[in-house]
Every structure is written in C-alpha cells, then in structure tokens.
Amino acid sequence: MTITTDVLVIGAGLAGERTAIQVASRGLQVILLSLVPPRRSHSTAAQGGMQAALGNMARSQGDSPDVHFEDTVKGSDWGCDQDVARRFVTLAPVAVREAAYWGVPWSRVVAGRHKLPDGDEVEEAQQKEGLIAARNFGGTKKWRACYASDGTGHALVYALDNEVLKLGIQVHDRMEAVALVHDGQRCYGAVARDLRTGEVRPYLARATVIATGGHGRIYGHSTNGLINEGTGMAIALDTGVVPLGNMEAVQFHPTGVVPGDILVSEACRGDGGYLLDKDEHRFMPDYEPAKKELASRDVVSRRMVQHIRKGLGVESPYGPHLWLDIRHVGKQHIEANLREVATICRDFLGIDPVHQLIPVRPTQHYSMGGVRTNSSGRAYGLAGLYAAGEAACWDLHGFNRLGGNSVAETLVAGMVVGKTIAEDLWWLDIPSSERVAASLAQEACRQVEERVHRLNAGGTEHVFDLRNRMSNILMEKVGIFRNGTELAEAVEKLTEVSHRARRLGLQSGGAGASPELALALRLPGMIRLALCIAYGALQRTESRGSHHREDHPYRDDAHWLKRTLATWPPGADLPALSYEPVCITELPPGERGYGESQVLAGTEKVHG
C-alpha cells in the first residue's frame with residue numbers, strides 16, 4: 001500500500017517535530033516517520049540546556065546575539081557558515097520563548113544574593129525575578145544556556161509532542177526509512193520497513209525531510225542512544241548525488257561515564273564541577289588557565305587524553321579514566337539542577353555524586369557533519385529533499401559544536417526548514433509526476449525486497465562481527481587524536497569490511513521483527529559513513545576543532561578554510577570528495593581564545 005502526503009519527515013525528535021509543526025501550521029499534511037515513539041527519541045536525553053542570548057542573569061549581562069555569534073564562530077574554529085550562524089543566534093531567543101509558551105517549564109531567575117561553587121557571589125536583580133534563567137557552558141563568554149533542571153530535552157520533547165498531537169500530525173512509529181525514492185534530480189519520498197512485521201512500504205511526498213539525528217553508534221562507544229546509527233545520512237549518501245558535509249568533524253564529549261558511556265551533562269562543569277586526576281589534582285587550570293573546565297569540548301577532551309597519556313589517569317577494569325567532582329556544588333543544588341546526573345550515577349554506577357567522585361572519560365558524542373544543505377535547509381543534489389538537526393550539515397557548527405547549540409539548532413532549524421518547505425510547496429504542483437513517482441517507488445521497494453532476499457539466501461559474513469570490526473577501527477584509528485598512518489590504515493581496513501559486507505547472510509530466519517535483518521540492511525550504509533569520516537580525515541592535512549592531526553597540528557587557513565563534501569558514486573570503494581569555501585561574512589579567521597589554539601598563517605605559527 002502506497003501512502004501519500006504533502007510532507008514526509010523522517011525522524012520524530014526535536015528537529016523533526018519542530019519542522020512538522022511549522023509545516024502543519026501552514027495547512028499542509030505531514031507524516032512523521034520514526035524508529036520509536038517520539039517521546040522515546042534521543043532528543044529526550046539532552047540534559048544541560050539550550051543556548052539563547054536572553055541576558056536575564058547577573059552573569060549574562062551584556063549578552064546579545066552578537067556575542068552568541070562570536071562564540072559560535074570561534075567555537076566552530078571558523079568552520080561554520082557565518083550567514084547561518086547569524087540567522088541562528090537571531091532566532092534562538094524566539095525559539096526558547098516559543099517553547100515556554102508551549103509549556104516548557106524553564107528554570108527561572110530567583111532574585112537575591114547567591115553564592116557560587118567557586119566562592120564568588122552574584123546578585124540577581126529583583127526586576128529579573130521569574131524570567132528564564134541560564135547557566136554557564138563551555139566556550140561561551142556569558143551565561144546563556146537556558147535549562148529545565150537537567151532534563152531540558154525531556155521537557156522540550158514532551159511540549160513539542162503535545163503540539164504535534166494538537167495539530168493532528170500523523171506519527172508512524174516503529175518504521176525505518178531504508179531508501180529514498182528519487183530519479184537523480186528530485187526526491188519523491190522514501191521506502192520504509194515496518195520494524196514489527198517486516199513489511200516494506202512506500203511513502204510518496206512533495207517534500208521529504210531527513211531529521212534522523214547523529215551517527216554515534218557506528219563508533220560503538222558513544223553517548224548516543226542505540227537508534228543513532230546514521231540512517232538518514234546513509235540513505236542520502238546512497239542516492240549518489242546528495243553530498244554529506246564535513247563528515248570528518250566528530251565531537252567527543254569530555255564526560256561519558258565509565259563504564260557505559262552515558263553522558264553526564266556539561267551542566268556539571270557549568271555549575272562548578274571540576275575534573276580531577278588519580279591524585280585528585282584539578283588539572284585543567286594547568287592547561288587552560290583562563291577557561292579551565294569550560295574551554296570548548298574538543299579542547300577539554302584533548303587535554304583529558306593528554307593527561308591520561310602522562311600516566312595520571314585512574315586505572316580500572318574498563319581502562320583509565322579521570323574523575324568529575326561535583327561534591328562541593330552541594331546536595332541541594334545537585335538534587336534541584338543536576339538530578340538526572342544523580343540518577344544516572346546512582347542507577348548505573350552505584351555511586352552518589354553528592355559524596356563520591358564520578359568516573360569519566362571522553363566519549364564520541366556528536367556529528368558536526370551530515371546531509372549538506374543551504375542556509376534555508378534545502379539539501380544539495382536533489383530537489384524536494386531537506387534536512388534538519390544533527391542529521392544535517394546546515395552548517396552552524398563547523399568543526400566543533402558548543403554545548404547547548406545543538407538543542408537550540410533543532411528548534412531554530414525546524415522553524416527555518418518548515419518555513420522553506422511551506423514556501424516551496426505553495427507554488428509547486430507536481431501532479432504530472434505522480435505516475436513517475438509511483439513507478440520509482442515500486443522499483444525502490446523491489447530493490448529493498450531483493451536485498452532482503454539475498455540476505456535470507458545465506459552468506460558467509462555475520463552482521464554483528466562486521467559491525468564490531470567497523471566500530472573498533474573507528475575508535476582505535478579515527479578518534480580524538482589522528483595521524484596519517486593510522487587514518488590510511490583505517491581507510492584500508494574499512495574498505496575491506498565494506499567488501500566483506502557484500503557477503504552478509506543471516507543466522508536467524510529474518511522474518512518479522514528481526515533485529516539482525518534490520519542491522520544487516522543498515523550496516524553497508526554505516527560502513528560507508530565510516531569511510532567518509534576516515535577518508536575525509538586522511539585528506540584534511542590540518543587540525544581544526546575536533547579534527548586533530550598529530551602530524552599536522554596547526555590550523556591551516558591558507559589551504560583548508562573549506563568544507564569537505566562527500567558523495568558516493570555507484571559501485572565505488574571510496575567516497576568522491578570535493579570542497580567548497582566556508583561562508584565568512586563578519587568575523588575573519590583568528591584565534592579562538594583557548595590556550596591551546598594554534599594557527600598556521602603562511603609560514604608563521606601563531607600561538608594563543
């Protein structure tokens with residue numbers, strides 16, 4: 001049975017739902033396609049906050065979209081598009097107030113004198129009482145992260161999902177998009193597989209949005225939910241014409257717990273937490289005396305690994321780690337503002353952070369890369385295709401994302417992309433293409449069913465073995481620190497895994513709700529994403545943001561002030577890479593303001 005709609009949104013997290021709300025409010029029919037019910041999306045895991053320059057706190061005074069813009073560009077290591085960053089910082093305050101209108105219980109300013117964990121005192125103005133509060137986050141000059149305790153994502157998802165229900169937007173959950181329907185020029189929808197029954201079903205739409213989140217689980221050790229395997233990016237890459245942008249830009253978050261890799265929020269450090277080594281020495285001021293624990297995430301992660309390499313990590317059965325200390329923040333503050341962190345520690349680690357140290361180390365967290373779009377959210381390569389949120393390379397984040405900018409991006413990008421779609425569809429009418437679209441959908445379904453048949457026919461390679469092999473290669477050779485030798489080895493080994501994946505076979509019957517079959521359909525695309533990351537990193541002979549080459553330790557603006565675009569030609573072993581210039585409108589390249597910053601300008605090395 002073919003299902004038709006005006007707009008098909010693949011992914012029902014914050015970016016997907018916000019896009020759907022914007023489109024549906026213009027009177028268009030929308031279907032949300034989701035692996036899980038929306039309230040189980042990975043967006044609910046966002047803890048710390050959403051960046052928006054409101055200026056309500058004593059430590060926020062003087063904040064503005066201009067300051068937010070500067071922080072974002074410097075945080076990106078001049079890898080972002082500045083026209084996108086300007087649009088984003090202007091709309092973020094609108095988005096956070098709109099969320100309040102929809103019922104998000106933002107934490108609010110409490111007037112009076114307050115003592116901070118570092119011993120300082122602040123006076124919150126009486127006239128600001130009850131306004132939306134903010135907390136400190138890494139890489140920002142001002143307190144800007146609006147928050148709902150440390151359950152910000154949870155609060156936002158529930159509020160947006162209520163709006164989805166009010167607008168009557170259809171949600172088809174437990175469905176996975178496995179291919180896009182296209183003719184090489186226009187996208188007409190997607191083919192989806194019912195995860196409960198195994199049925200393959202075509203969805204035809206005048207506009208299709210990829211909002212499937214990140215690819216973290218291709219790394220294995222990740223703070224991402226198990227559903228974050230880069231599906232949306234992979235099916236876009238499989239078209240052969242849609243490029244992925246900056247896939248080598250992969251962020252590691254400083255504080256994944258050990259063991260388990262579950263994220264404990266940057267809010268812990270923003271609210272005054274310290275990083276300690278095996279001797280319980282607070283080491284970050286030794287490396288970053290100005291920003292300390294609140295340098296940007298890429299910097300803090302590198303400093304932590306450097307410190308562990310010196311033999312100052314805490315040995316454990318799960319490998320060396322460091323400590324996160326929030327004991328001095330106090331029980332009252334932890335229970336009020338870091339309660340999800342406390343719950344994670346108690347339930348998963350068996351420790352109480354009110355009295356005990358939290359074992360942490362850097363863990364894969366976020367993809368700055370994704371489906372390349374223009375500033376309005378239209379994907380490169382295929383008309384009728386759009387992308388939003390972490391699945392997209394809009395490009396707001398460049399080579400490093402500031403904490404809290406991703407949650408804000410989901411809402412702002414949803415506003416922008418939804419408006420673009422409504423405007424595009426206002427004049428676009430393609431009834432003459434319906435017969436063509438139906439034929440393309442039928443062929444796409446046939447190809448998916450053929451893939452399923454081949455897997456059931458039996459092959460010599462097992463899906464879980466190859467997935468573990470891929471993840472181990474990425475973790476060992478394409479991590480926080482990179483070098484040409486290991487990246488070349490990663491490309492070679494991943495290419496071998498890709499070839500082996502052509503011989504996948506199922507050990508189970510593969511009928512109905514088969515996790516093995518679902519992963520077998522997904523895995524070749526995941527491996528191609530891994531190759532885009534490794535090959536792009538090998539070619540980029542500089543260090544920028546999260547991409548740190550030990551054999552090329554300086555940022556090289558003369559040669560690399562540009563974005564990587566990766567497409568996958570049919571039958572190719574490696575992606576085809578091309579490059580486009582970064583859009584610089586206001587802030588010319590310079591120092592980021594962190595102590596480790598190093599820029600190669602011509603033949604001169606300029607140290608921060």
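The rules behind the values
- Residues numbered from 1 in each chain as written.
- Predicted model: local features only at pLDDT ≥ 70, side-chain atom pairs only at ≥ 80, totals over all residues.
- Heavy atoms only, no water.
- Helix = DSSP H or I, 4+ residues; strand = E, 2+ residues; numbered from the N terminus.
- Polar contact = N/O pair within 3.5 Å; in protein donor to acceptor, adjacent residues only side chain to side chain.
- Pairing = 2+ DSSP bridges.
- Axes fitted to C-alpha atoms, helices over the stretch in contact; angles between N-to-C directions.
- Contact = heavy atoms within 4.5 Å.
- Expected span 1.5 Å × (residues − 1).
- Bend = angle between axes of the 7 residues up to and from the residue.
- Buried < 20%, exposed > 50% of the residue type's maximum accessible area, 1.4 Å probe, protein only.
- pLDDT = per-residue confidence, 0-100.
- Salt bridge = Lys/Arg side-chain N within 4 Å of Asp/Glu carboxyl O.

Asks: Account for the side chain of aspartate 557, naming residues and giving values.
Replies: Looking at where aspartate 557 falls in the secondary structure, it is placed in helix 16 (residues 557-560). Separated by 2.9 Å, the side chains of aspartate 557 and arginine 555 make a polar contact.

Asks: Explain the sheet that holds strand 16 (residues 358-367) residue by residue, including any values.
Replies: On the basis of which strands lie adjacent, the open sheet formed by 4 strands has the order 13-16-15-14 and antiparallel pairing. Each edge of the open sheet carries a strand with a single partner, namely strand 13 (250-257) and strand 14 (274-276). On average, each strand axis in the sheet is inclined to that of its neighbour by 45°, with strand direction left out of account. Here strand 15 (residues 322-325) runs beside strand 16; their pairing, made up of 3 bridges, is antiparallel. Bridging from a neighbouring strand, leucine 324 pairs with isoleucine 358 of strand 16. Taken strand by strand, helix 8 (residues 297-312) contacts strand 13, strand 14, strand 15 and strand 16, and its axis lies near 60° from that of strand 13.

Asks: Quick one: what's the story with the sheet that holds strand 7 (residues 145-146), residue by residue and with numbers?
Replies: The strand order 3-7-6 describes an open sheet built from 3 strands, whose pairing is antiparallel. At either end of the open sheet lies a strand with only one pairing partner, and these are strand 3 (50-51) and strand 6 (134-135). Here strand 3 pairs with strand 7 via 2 bridges, running antiparallel. Bridge pairing in strand 7 places methionine 50 opposite cysteine 146.

Asks: Talk me through helix 3 (residues 82-101); I want residue IDs and the actual numbers.
Replies: Compared with the 28 Å implied by 1.5 Å per residue over 20 residues, the 29 Å span of helix 3 between its first and last C-alpha is a close match. A bend of about 35° at leucine 91 is the largest found in helix 3, and the proline proline 93 appears one to four places after it. The complete set of buried residues in helix 3 reads Gln82, Val84, Ala85, Arg86, Phe88, Val89, Ala92, Pro93, Ala95, Val96 and Ala99. One or two steps after helix 3, the chain reaches glycine 103, where phi turns positive at roughly 115°.

Asks: Mind laying out the side chain of asparagine 400, listing which residues take part and the relevant values?
Replies: Tracing the backbone through its elements, the reader meets asparagine 400 in the loop between strand 19 (392-393) and helix 11 (405-427). Look at asparagine 400 and you get buried, because its relative accessible area is 1%. Within the local environment of asparagine 400, its side chain forms a polar contact with the backbone oxygen of glycine 75, the two atoms lying 3.2 Å apart. A distance of 3.1 Å separates polar atoms of two side chains, one belonging to asparagine 400 and the other to glutamine 251.

Asks: An account of the confidence of the model for the protein is requested, with residue identities and associated values reported.
Replies: With 96% of its residues at a pLDDT of at least 70, the protein reaches an overall mean of 93. Low pLDDT (under 50) marks residues 602-608, which in the prediction has 15 contacts with non-local residues, meaning those over four places away or in another chain.

Asks: Can you explain the pairing of strand 13? Please cite residues and give values.
Replies: Most of strand 13 is tucked away: 8 of the 8 residues are buried. The pairing of strand 13 with strand 16 spans 6 bridges and is antiparallel. Across the sheet, the residue bridging to valine 250 is serine 367, located in strand 16.

Asks: Could you give an account of the pattern of salt bridges, naming the residues involved and the relevant values?
Replies: Per the stated rule, a full pass over the model turns up 55 salt bridges. The salt bridge partner of aspartate 71 is lysine 141, with a shortest N-O separation of 3.3 Å. Separated by 70 residues along the polypeptide, aspartate 71 in helix 2 (residues 65-75) and lysine 141 in the loop between strand 6 and strand 7 bring together distant segments of the chain. Between glutamate 550 and arginine 309 there is a salt bridge, with its nearest N and O atoms 3.0 Å apart. One end of the pair, glutamate 550, is in the loop between strand 21 (548-549) and strand 22 (555-556); the other, arginine 309, is in helix 8, and 241 residues separate them in sequence. Overall, the relative accessible area of 53% leaves arginine 309 in the exposed class.

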